[in-house]
Amino acid sequence: MSQDVVIRARGLTKEFLRDSFHIVALKDVDLEIRRGEYLALMGPSGSGKSTLLHLIAAMDRPTAGEIEVLGSNVASMADSEMAKWRNRHIGFVFQSFNLIPVLTALENVELPLKLTHLKRGERVQHAATALKLVGLGDRMDHYPRQLSGGQEQRVAIARAIVTDPDIILCDEPTGNLDARSANEVLELLRRLNQEFGKTIVMVTHDPHAAHFATHIRFIDKGELLPEGKKPEDWS
Amino acid sequence: MKYLPLIVKNALRNRRRTLLTTSSLAISLCLLGVMMALYYALFIGGQPAKAQARRVVVRHKVSIVFPLPLYFREKIAQVPGVEEVMLWSWFGGVYKDARDQRNFFARMAADADRLFRVYQDYVIPEEQKEAFIRDPAGCVVNKALAERHGFKVGDRILIRGDIYPFDLDLTVRGIYTSTDFDDDTLWFNWKYMENMLRNSPRLMAGGFTLLARSEQDVAAISRTIDEMFANSEAPTKTESEYTFGLSFLSFLGNIKVILMSICFAVTFTVLLITANTMAMSVRERVREVGVLRTLGFGKPAIVGLIVGESALISLLGGLLGVLVAEGLCWVVRQGPAIVQQAKTLTIEGPVFAALMGVSLAVGIFSSIVPAVSAARTSIIDALRFTD
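Residues numbered from 1 in each chain as written. Chains lettered and ligands numbered in written order. Predicted model: local features only at pLDDT ≥ 70, side-chain atom pairs only at ≥ 80, totals over all residues.

S.K.: If you had to explain the overall build of chain A to someone new, which residues and values would you point to?
M.R.: Looking only at helices and strands, chain A has seven helices and ten strands in total. For chain A, the C-alpha radius of gyration of 18 Å lies close to 18 Å, the compact-globule estimate for 235 residues. The dimensions of chain A, computed from C-alpha atoms along their principal axes, are 45 × 40 × 40 Å. Within chain A, buried positions represent 48% of all 235 residues. Sequence-distant contacts in chain A: of pairs separated by 6 or more residues, those separated by 24 or more amount to 68%. (Helix = DSSP H or I, 4+ residues; strand = E, 2+ residues; numbered from the N terminus. Rg over C-alpha atoms; globule rule 2.2 N^0.38 Å. Buried ≥ 20, exposed ≤ 12 C-beta atoms within 10 Å, placed from the backbone. Contact = placed C-beta atoms within 7 Å.)

The following block contains the structure:
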């Protein structure tokens, strides 16, 4: 793998059975993403965007093909090895924030650090730094229910970056937000990409959100379209 | 330990459910605690009191309801190792209203002059002892019993006869305490029985209690007495007073099996209650399990978090149950002494450890299936899960 390429997929295919239906979610996908790239993956619902994101994050295994992330063939790892690898190298941002409701913002951000060897004081310090970075230094002791949607998503981003991962993966990060909050989140992601050099892959079907990325690729019916090409019925 | 705050917060997530689960556990484990305390006191940890260790009871081999001839007393007295022997007889009778449980206490006739030589743990003023021995209608009562009924020296006590065809009209001549345990007993002078049953074939002993010279003599004395009367008109069964006390329980059935059955039933029920709660609790959090696994938590950590939460709730319930059980033991200790062990009933160390062990086991076994099931759900399925 070239020094610059951090994600490389070859012939990546994912099929699964839902009830009695055989579904091809990804078909023979070839993809290369370079370090520091900010890629927006677009496409209609059910096109396979999230499936590709899950395979990159080692949250699932491909049916066929290879995927190499940061030089590791993640699909060949054991479950426990995959979990450690995810904790160390991947930050994941969900559409619905997925914060733990019984934990404060600070405790939510500290959560991934519990899997490291850091002492409690160091963990709290790192979590506080991440929260300050996303502009929530004054909301550390607030519970998710006491935060707005935009603030919740910024806590989720702080949680994603607290371990200083190489890659940040975002699955429709603005899907549940109003326009103003969405812009704050997108600005934050652009800052993480430009100022901190994070490689970001963002799944979205919002063209406005996609324009914050440096590259845009489309997926349609499980196939990754060539750069610059859109699905025929894409408006 | 670094997961403990998360476990505690998860346990308190649904406070009403946690409170109800903890309460149901506490009530069940309280019942289990009392049963285990009884079992332990009766069959495992119970020891005869210091003075009692030398006392031996002789009764009819077939049943305690069959009397023994009076002349046995002198023959028993001649057995090597016997320091003193007294006869006794259970009078029964009714004091005031028999429906009131507080009016139930032992009414026993005994050799007045020998009683305090056999029961050396009894403490009574010398003049009261002498007055009791002198008065054929005299009686002595245990202090706790006297306080419960307001008996004072000089009071008259009327007992209506039911087993015997006469009533007792007794005068309290003394109030005794014991250095071992309060036995809730009224002892009256055997002369009263002799006067009422003069020339009657019913003038027989209910049994004999003897004091051995030493604890080591008890087994040999018991063997010798039973062999001596083996071919007599009334074969005997001789055993330590402690064992004799336990034999009363056999009237209620096989106590061991009854206690064990209740313990198993309670444990199984509490296991089902907790398993149901944990299954509901985990089902509500499948999506969170997906999030935790995305963050890098492995399957063992997920299982540990869920099982830890269940164990915490169970241990809390168990601890509350033990406290309530100890309270119930206190109530039992205040009641009438049907068996000696009831007067000292408490949650002993081994019983406490066993109860905590049961609580922990219930916590683990009730949650292990939902925990493993949640941990084994694929991350994608867990994140898609909607209840």
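From this point on, the discussion continues.
S.K.: An account of the interface of chain B and chain A is requested, with residue identities and associated values reported.
M.R.: Each partner contributes to the interface: chain B provides 16 residues, whereas chain A provides 18 residues. Residue assignment for the side of chain B that touches chain A shows that the elements contributing at least two residues are helix 1 (4-11), helix 11 (286-295) and helix 14 (379-384) of chain B. Looking at the side of chain B that touches chain A element by element, the count peaks at five residues for helix 11 of chain B. Split by residue class, the side of chain B that touches chain A holds six nonpolar, four polar and six charged. (Nonpolar A, V, L, I, M, F, W, Y, C, P; charged D, E, K, R; others polar.)

S.K.: Please provide a residue-by-residue account of the pairing of strand 1 (residues 55-60) of chain B, values included.
M.R.: Residue and element names in this part refer to chain B. In terms of residue burial, strand 1 counts as a mostly covered element, since five of its six residues are buried. Across four bridges, the pairing between strand 1 and strand 9 (residues 207-212) is antiparallel. For R55, the partnering residue across the bridge sits in strand 9 and is L211. As judged from the five bridges shared by strand 1 and strand 10 (residues 236-240), these two strands associate in the antiparallel manner. Within the sheet, the bridge partner assigned to V57 lies in strand 10 and is E239. (Pairing = 2+ DSSP bridges.)

S.K.: Residue-level account of the sheet that holds strand 3 (residues 38-42) of chain A, with values.
M.R.: All names here are of chain A. Here six strands make up an open sheet; going across it, the order is 6-7-8-3-9-10 and the pairing mixed. Each having just a single partner strand, strand 6 (90-93) and strand 10 (223-224) make up the two edges of the open sheet. Taken together, the two bridges between strand 9 (residues 215-220) and strand 10 define a ladder with antiparallel strand orientation. Counterpart to D220 in the pairing with strand 10 is E223. The sheet strands contacting helix 1 (residues 49-56) are strand 3, strand 7 (167-171), strand 8 (199-203) and strand 9, and the helix crosses strand 8 at an angle near 150°. (Axes fitted to C-alpha atoms, helices over the stretch in contact; angles between N-to-C directions.)

S.K.: Just give me the short version of helix 2 (residues 79-89) of chain A, but keep the residues and values in it.
M.R.: Within the span of helix 2 of chain A, buried status applies to A:M82, A:A83, A:R86, A:N87 and A:H89. Where helix 2 of chain A is buried, its residues meet strand 6 and strand 7 of chain A together with helix 11 of chain B.

S.K.: Which residues make up unusual backbone geometry, and what values go with them?
M.R.: All names here are of chain B. A positive phi angle is found at K96, which is not glycine, with a value near 55°. Inspection of the secondary structure puts K96 in the loop between strand 2 (82-90) and strand 3 (106-110). In this structure, N199 takes a positive phi of about 65° despite not being glycine. Looking at the element boundaries, N199 is found in the loop between helix 7 (190-196) and strand 9.

S.K.: How would you explain the environment of A:G137 if you had to name every residue and give the values?
M.R.: All names here are of chain A. Secondary-structure assignment places G137 in the loop between helix 4 (120-133) and helix 5 (149-161). Since 11 C-beta atoms lie within 10 Å of it, G137 is described here as exposed. With 87 residues separating them in the primary sequence, G137 and S50 have C-alpha atoms 31 Å apart.

S.K.: Quick one: what's the story with the pairing of strand 5 (residues 138-142) of chain B, residue by residue and with numbers?
M.R.: Residues and elements named next belong to chain B. For strand 5, the tally of buried residues reaches five of five residues, placing the bulk of the element in the interior. Of the two faces of strand 5, the one holding G138, V140 and N142 and the one holding C139 and V141 are both buried throughout. When strand 5 meets strand 7 (residues 168-178), the two strands line up parallel, connected through five bridges. By the bridge assignment for strand 7, N142 is matched with Y176. Strand direction decides the pairing type here: strand 5 and strand 8 (residues 185-189), joined by three bridges, are antiparallel. Across the sheet, residue V140 finds its bridge partner in strand 8, namely W187.

S.K.: Describe the packing of helix 2 (residues 15-44) of chain B against helix 13 (residues 349-376) of chain B, listing the residues and the values that go with them.
M.R.: All names here are of chain B. As a packed pair, helix 2 and helix 13 sit with axes 10 Å apart at the nearest point and diverge in direction by 145°. Crossing of helix 2 against helix 13: the hand is right-handed. When helix 2 is examined against helix 13, the residues L29, L32, G33, M36, A37 and Y40 are found in contact with a partner set consisting of P350, V351, A354, L355, V358 and S359. The class makeup of the residues in the contact of helix 2 with helix 13 is ten nonpolar, two polar and no charged. (Left-handed = near helix turned anticlockwise from the far one by under 90°.)

S.K.: Pulling in residues and values, what's your account of the sheet that holds strand 5 (residues 72-73) of chain A?
M.R.: Residues and elements named next belong to chain A. Strand order in this open sheet of four strands is 2-1-4-5, and the pairing throughout is antiparallel. With partners counted over all chains shown, the strands left at the sheet margins are strand 2 (21-34) and strand 5, one partner each. Where strand 1 (residues 5-18) lies against strand 4 (residues 64-69), five bridges are found, and the strand directions are antiparallel. Considered in strand 4, the bridge of I7 is made with V69.

S.K.: How would you explain helix 11 of chain B if you had to name every residue and give the values?
M.R.: In an α-helix there are 3.6 residues to a turn, and that puts residues three or four apart on one side. In terms of burial, helix 11 of chain B is largely enclosed, as eight of its ten residues are buried. Those residues of helix 11 of chain B not exposed but buried are B:E288, B:V289, B:G290, B:V291, B:L292, B:R293, B:T294 and B:L295. In this fold, the buried residues of helix 11 of chain B make contact with helix 2 and strand 6 of chain A together with helix 12 (299-334), helix 13 and helix 14 of chain B. Note on helix 11 of chain B: the residue one or two positions beyond its end, B:G296, has a positive phi of about 115°.

S.K.: Explain the nonpolar core residue by residue, including any values.
M.R.: A:I56, A:A158 and A:L169 are the most contacted members of the largest nonpolar core, which has 94 residues in total. Here the element with the most residues in this core is helix 12 of chain B; it accounts for seven residues. With sequence-adjacent residues up to four places away left out, A:A158 is seen in contact with A:V109, A:A130, A:L131, A:L133, A:V134 and A:L136. Listed in part, the 49 residues of the second largest apolar core include B:L68, B:I76, B:L186 and B:F229. (Core = buried A, V, L, I, M, F, W, Y, C linked by C-beta atoms within 7 Å.)

S.K.: Give a detailed account of the domain arrangement of chain B, specifying residues and quantitative values.
M.R.: The domain boundaries assigned to chain B delineate domain 1 (4-47 + 253-384) and domain 2 (67-233). Averaged C-alpha coordinates put domain 1 of chain B and domain 2 of chain B at centres separated by 47 Å. (Domains from an automatic or database assignment.)

S.K.: Which residues make up the environment of B:R173, and what are the values?
M.R.: All names here are of chain B. Along the polypeptide, R173 turns up in strand 7. Classification of R173 as buried rests on a count of 25 C-beta atoms within 10 Å. The spacing of R173 and E215 is 42 residues in sequence and 32 Å in space, taken between C-alpha atoms. Ignoring sequence-local partners within four residues, the contact set of R173 consists of Q128, A131, F132, D135, G138, C139, V140 and V153.

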